Amino acid sequence: MSKNKNCNWRLRDNCVEISVNTAIYPQEPLFATCCVFINDYYTLLDLTKNKKRYKITLIPKNELKEKSNFKRLTGEFQNELINNVLRYKIASRNQKIREWIVQEALFFNQPKKEQGKFIRRLVREEKYGKDKG
């Protein structure tokens, strides 16, 4: 068994149980990580009663007998989880800029008349507030 307060694992029968801290690892990147492994492993995901940890059980679809294979699997899972958490955080930080880019693309693909209406509405909202504009 690996002892780590944020992410630990243990071998059990012919499966690996991985436990991760919900405060460190958000749900979305955890789901993305589990999806990477579903082709080769039956993947079970549970939330503990106190909602402080996720428990992931990976059961190989093809028999894995050697302990070293399970250790490699847990290392790959942990690396993939960190990768997905980083991608999630970068996407969160860039969300406003991505929304702006999409708005700009949609705006400039509208007819000039619609662009004018949109600009006038924005000016009214800026001057009088969103509810009064």
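Coordinates for the structure precede this section.
Residues numbered from 1 in each chain as written. Predicted model: local features only at pLDDT ≥ 70, side-chain atom pairs only at ≥ 80, totals over all residues. Heavy atoms only, no water.

> Looking at this structure, I do not really get the sheet that holds strand E3 (residues 41–47). What am I missing?
What links the strands of a sheet is backbone hydrogen bonding, and the strands pair in either a parallel or an antiparallel sense. Overall, antiparallel pairing links the 4 strands, which are arranged E1-E2-E4-E3 in an open sheet. One side of each edge strand has no neighbouring strand; the edge strands of this open sheet are strand E1 (7–12) and E3. Shown here is a sheet whose adjacent strand axes are inclined to one another by a mean of 20 degrees, direction ignored. Relative to strand E4 (residues 53–60), strand E2 (residues 15–21) is paired through 6 bridges, and the arrangement is antiparallel. Opposite Glu17, over in E4, you have Thr57 as the bridge partner. Sitting on the sheet, helix H1 (residues 27–37) is in contact with E2, E3 and E4, with an inclination near 160 degrees to E3. (Pairing = 2+ DSSP bridges. Helix = DSSP H or I, 4+ residues; strand = E, 2+ residues; numbered from the N terminus. Axes fitted to C-alpha atoms, helices over the stretch in contact; angles between N-to-C directions. Contact = heavy atoms within 4.5 Å.)

> Would you explain H1 in this entry?
For an α-helix the count is 3.6 residues per turn, leaving residues at separations of three or four pointing the same way. Of all the residues in H1, the buried ones are Pro29, Leu30, Thr33, Cys34 and Phe37. For H1, the buried positions fall inside an angular range of 140 degrees around the axis, keeping them on one side. (Buried < 20%, exposed > 50% of the residue type's maximum accessible area, 1.4 Å probe, protein only. Arc of directions from axis to C-beta.)

> Could you clarify how one ought to interpret the pattern of salt bridges in this entry?
A pair can form between side chains of opposite charge whenever their charged atoms are brought close. Considering all chains together, one arrives at 5 salt bridges under this definition. Across the pair Arg121 and Glu125 runs a salt bridge, and its minimum N-O distance is 3.2 Å. Within this pair, Arg121 and its partner Glu125 are both found in helix H4 (residues 112–128), separated by 4 residues, close to a single helical turn. Counted as one network, the salt bridges with shared partners bring together Arg10, Arg12, Glu17 and Lys55. (Salt bridge = Lys/Arg side-chain N within 4 Å of Asp/Glu carboxyl O.)

> Looking at this structure, how should I read unusual backbone geometry?
Peptide bonds are mostly trans, and most non-glycine residues show a negative phi. Its identity is not glycine, yet Asp13 carries a phi of approximately 50 degrees, on the positive side. The residue Asp13 is located in the loop between E1 and E2 in this model. For Lys51, which is not glycine, the phi dihedral falls at a positive 60 degrees. Mapped onto the secondary structure, Lys51 falls in the loop between E3 and E4. According to the relative accessible area criterion, Lys51 is exposed, its value standing at 57%.

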